[in-house]
Amino acid sequence: MQLRDSLILKNILGMGFPFIAMYGFYLTAYGANFPGGGFPAGVVFGTLVIVVEMVFGHRIFENSFYMKIEYAGFVFLYAALMVGFFLTDFFFSGLYDVTTTSPMFSNVFYWLLNLAIYSEVSGSLILIYRSLIEWKDDEPHHE
Amino acid sequence: MNPITNDRNNMRKFIFDAVAAVILLGALIYVTVYVRGLDLVFSDAVTDFRSLAELMNIENMVAVVYLGPRVFDTFLEVNVVVLTVFGMKYIRSTS
């Protein structure tokens, strides 16, 4: 029996997908004031997509989509590095003092950093998984 | 394989092994002779993370350290993940 044959897994994943995806985003959004952060949130979402693809047997999005997500996070991190340097002569500095009273955006720069790390880690995780799967499929099977 | 190429590969392997052995030996001598007598001194200038958290309006102390003073660690960790993706693509393209 394979994973894709299990009705229980399919139903649970089908119903739980939006909630788990939202939980991943919650970990990112409230990472500054509650347990969480960009890295674990990216792992949650990336793992969710991987499990869904394993169970349902089809891709949710193509590789190019996750590549764009990954690059977006990567470019933002480098942009934050350089903008901080140009503003204050220190990398990553200069934007930390933008604060609000909202628990979600209590520090806007932290929120953006978490979002960048979230998108970068989730995209990378899915791409690494797919590379391994495609690599395995490329290999000749020895009987 | 061509015998000349085989000899070259053996020579390169020998040079690599010799350099690695010299580096490891040097590291071993450094650790056993020089580092042994050093005293560990902890700095008194401990950053006040609580005031930093209040300044940044953040309650999660882990996040304060993770994206504050140690943001470069985080940045390099993320770069490692990106490098893994590029490494996988490179190995797949060459194999």
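Nothing here was measured: the structure is a model prediction, and the numbers come from that model.

1. Describing the confidence of the model for chain A
Move 1: The share of residues in chain A with pLDDT of 70 or more is 97%, and the mean pLDDT across the chain is 86.
Move 2: Per-residue pLDDT, averaged within each element of chain A, yields its smallest value for helix α3 (residues 63-88) of chain A (87) and its largest for helix α2 (residues 38-56) of chain A (92).

2. A few points about unusual backbone geometry
Residue and element names in this part refer to chain B.
Move 1: One non-glycine residue, Asn-57, lies in positive phi territory at about 65°.
Move 2: Following the sequence through the fold, Asn-57 ends up in the loop between α2 (49-56) and α3 (61-67).
Move 3: The class of Asn-57 is partly exposed, set by a relative accessible area of 31%.

3. Points about the environment of A:Met54
Move 1: Take A:Met54: it is sitting in helix α2.
Move 2: Excluding residues that lie within four positions of it along the chain, A:Met54 makes contacts with A:Leu3, A:Arg4 and A:Tyr129.

4. Some thoughts on the side chain of A:Thr28
Residues and elements named next belong to chain A.
Move 1: Here Thr-28 lies in helix α1 (residues 7-29).
Move 2: For Thr-28, a relative accessible area of 1% translates into the label buried.
Move 3: Other than its neighbours up to four places away in sequence, Thr-28 contacts Gly-37, Ala-41, Asn-114, Leu-115 and Tyr-118.

5. A short note on the packing of α1(A) against helix α4 (residues 108-138) of chain A
Each pair of packed helices can be summarised by the angle the axes make with each other and by the distance between the axes.
Residues and elements named next belong to chain A.
Move 1: Two numbers describe how α1 lies on α4: the axes approach to 8 Å, and their chain directions differ by 140°. Put simply, α1 runs oblique to α4. Where α1 abuts α4, its residues Gly-24, Phe-25, Thr-28 and Ala-29 lie against Trp-111, Asn-114, Leu-115 and Tyr-118.
Move 2: Partitioning the contact of α1 with α4 into residue classes produces five nonpolar, three polar and no charged.

6. A word on the packing of aromatic side chains
Residues and elements named next belong to chain A.
Move 1: According to the stated counting rule, one finds 16 aromatic pairs over all chains in the structure shown.
Move 2: Summarising the aromatic geometry, the rings of Tyr-23 and Tyr-26 are spaced 6.0 Å apart at their centres and angled 25° between planes, so their arrangement reads as stacked. On the criterion of helical spacing, the pair formed by Tyr-23 and Tyr-26 is a turn pair, its members being three residues apart in helix α1.
Move 3: Classification of Tyr-26 as partly exposed rests on a relative accessible area of 35%.
Move 4: Following the ring pairs from residue to residue traces out a cluster consisting of Tyr-23, Tyr-26, Tyr-30 and Phe-34.

7. Focus: the packing of α4(A) against helix α4 (residues 71-94) of chain B
Move 1: Where α4(A) meets α4(B), the axes come as close as 10 Å, and the angle between the chain directions of the two elements is 25°. Overall, the two elements α4(A) and α4(B) adopt an arrangement that is roughly parallel. Considering only the axes of α4(A) and α4(B), their crossing is left-handed. Of the residues in α4(B), those in contact with A:Leu113, A:Ile117, A:Glu120, A:Ser124, A:Leu127, A:Ile128, A:Ser131, A:Leu132, A:Glu134, A:Trp135 and A:Asp138 of α4(A) are B:Val71, B:Thr74, B:Val78, B:Val81, B:Val82, B:Thr84, B:Val85, B:Met88, B:Ile91 and B:Arg92.
Move 2: Here the contact of α4(A) with α4(B) is composed, by residue class, of 13 nonpolar, four polar and four charged.

Rules used in this analysis
Residues numbered from 1 in each chain as written. Chains lettered and ligands numbered in written order. Predicted model: local features only at pLDDT ≥ 70, side-chain atom pairs only at ≥ 80, totals over all residues. Heavy atoms only, no water. pLDDT = per-residue confidence, 0-100. Helix = DSSP H or I, 4+ residues; strand = E, 2+ residues; numbered from the N terminus. Buried < 20%, exposed > 50% of the residue type's maximum accessible area, 1.4 Å probe, protein only. Contact = heavy atoms within 4.5 Å. Axes fitted to C-alpha atoms, helices over the stretch in contact; angles between N-to-C directions. Parallel < 35°, antiparallel > 145°, perpendicular 65-115°, else oblique. Nonpolar A, V, L, I, M, F, W, Y, C, P; charged D, E, K, R; others polar. Phe/Tyr/Trp six-rings, centres within 6.5 Å; stacked < 30°, edge-to-face > 60°. Left-handed = near helix turned anticlockwise from the far one by under 90°.

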